[in-house]
Amino acid sequence: MEKNTEKRNQQKLCKRCNQTFSPSSNTSSSCRFHPSFFVCRRHDDQKRYYELGPDDPPYAAKFYDCCGAEDAEASGCTTSFHVSYDDD
Ligand SMILES: [Zn+2]
Ligand SMILES: [Zn+2]
C-alpha cells in the first residue's frame, strides 16, 4: 500500500520546461513555457517587441517567436499542464 502512495507522489520531469513536478499538483497553470522557438532574425514589424531607435541598424534580433521576448531566460508566456516523458 505504501508503495502505491510513493508511486503516485513520485516526482516527474517535465519535457517542456525541464522542471520536476508531482503529478498530484499538476494544474493548468503549473507549466510556464514558450510555444514557439527562440529564433534569430528580424522582428516582424507587427510583432516588434521594442521600437528601434533612429541609430539602430535593422540587425537580426534573438527573440521568442511567440511573444517577442528577447531574453532566452524570459519566463514562459503560456501556461499549461506539465508534460512528463511518460505521457504521450
Ligand atoms: Zn513566448
Ligand atoms: Zn513543465
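Thresholds applied
- Residues numbered from 1 in each chain as written.
- Chains lettered and ligands numbered in written order.
- Predicted model: local features only at pLDDT ≥ 70, side-chain atom pairs only at ≥ 80, totals over all residues.
- Helix = DSSP H or I, 4+ residues; strand = E, 2+ residues; numbered from the N terminus.
- Buried ≥ 20, exposed ≤ 12 C-beta atoms within 10 Å, placed from the backbone.
- Contact = placed C-beta atoms within 7 Å.

Draft legend 1. Region of interest: the overall build of the chain. A count of helices and strands for the chain gives one helix and six strands. Reading the chain from its N end, one meets helices and strands in the order α-β-β-β-β-β-β. In the chain, buried positions account for 3% of the 88 residues. Of the contacts made within the chain by residues no fewer than 6 positions apart, 53% connect residues no fewer than 24 positions apart.

Draft legend 2. Up close: the environment of Asp 65. Here Asp 65 lies in the loop between β5 (61-64) and β6 (78-80). With 26 residues separating them along the chain, Asp 65 and Val 39 place their C-alpha atoms 6.4 Å apart.

Draft legend 3. Quick look at the environment of Ser 30. With respect to the helices, strands and loops of the structure, Ser 30 is situated in the loop between β2 (20-21) and β3 (31-33). Taking C-alpha positions, Ser 30 is 6.2 Å from Ser 80, a pair spaced 50 residues apart along the chain. If sequence neighbours within four positions are ignored, Ser 30 has contacts with Phe 21, Phe 81 and His 82.

Draft legend 4. Representation of the environment of Ser 24. Following the sequence through the fold, Ser 24 ends up in the loop between β2 and β3. Spatially, the C-alpha atoms of Ser 24 and Gln 10 are 9.1 Å apart, while their sequence positions differ by 14 residues.

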